[in-house]
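Remarks on the overall topology
Next come the chains, spelled out residue by residue.
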Amino acid sequence: MDTVVSHEPFTDRLLFHELVHVVQYEKLGLEGFASKYVRGFLSGGSYDGIPLEMNAYELDARFAGAPEKVFSVADEVSKVDSCWQVLMLWRTFHEFNTGNLIAG
Ligand SMILES: [Zn+2]
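Everything quoted here is computed from the prediction, not taken from an experiment. (Residues numbered from 1 in each chain as written. Predicted model: local features only at pLDDT ≥ 70, side-chain atom pairs only at ≥ 80, totals over all residues.)

This next bit is on the overall build of the protein chain. Assigned secondary structure in the protein chain consists of 3 helices and 0 strands. Listed by position from the N terminus, the elements making up the protein chain come as α-α-α. Within the protein chain, the fraction of its 104 residues that count as buried is 12%. Counted over contacts in the protein chain with a minimum sequence separation of 6, partners at least 24 positions apart contribute 52%. (Helix = DSSP H or I, 4+ residues; strand = E, 2+ residues; numbered from the N terminus. Buried ≥ 20, exposed ≤ 12 C-beta atoms within 10 Å, placed from the backbone. Contact = placed C-beta atoms within 7 Å.)

Spelled out as structure tokens, the structure:
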């Protein structure tokens, strides 16, 4: 993927936000990214509740707050990924215990 499309004018912050998605996409692959995005939308209940978006918003806010401060987006994306896995494991465990295990 080498094209970013936006319906609003690009600012450094927006571009940074989109580049976070590129890192997420590289890490997860097309299928992983798409499935995580859709699942996040369904479980989060809205666009703002999608963990991949929350991650990108958090990091673009950090960038906008201190553009001179260097940090690794790849490391931050990996951290969220392990949090996500723990959360999914916990949900599965909880749903299993309460008899509410939902496929997917
Ligand atoms: Zn986004």
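At their nearest, the axes of helix 1 (residues 12–44) and helix 2 (residues 51–65) sit 9 Å apart, and the two run at 165 degrees to each other. Classed by the angle they form, the pair helix 1 and helix 2 counts as roughly antiparallel. With respect to the hand of their crossing, helix 1 and helix 2 are arranged in right-handed fashion. Only P51, L52, N55, A56, Y57, L59, D60, F63 and A64 of helix 2 make contact with helix 1, whose side of the interface consists of R13, F16, H17, V20, H21, Q24, K36, Y37 and G40. (Axes fitted to C-alpha atoms, helices over the stretch in contact; angles between N-to-C directions. Parallel < 35°, antiparallel > 145°, perpendicular 65-115°, else oblique. Left-handed = near helix turned anticlockwise from the far one by under 90°.)

Let us look at the nonpolar core. Counting residues in hydrophobic clusters, the biggest one holds 5 residues: V20, I50, L52, A56 and L59. The dominant element in this core, judged by the number of residues it contributes, is helix 2, at 3 residues. Apart from the residues within four sequence positions on either side, L59 is in contact with V20, V73 and E76. (Core = buried A, V, L, I, M, F, W, Y, C linked by C-beta atoms within 7 Å.)

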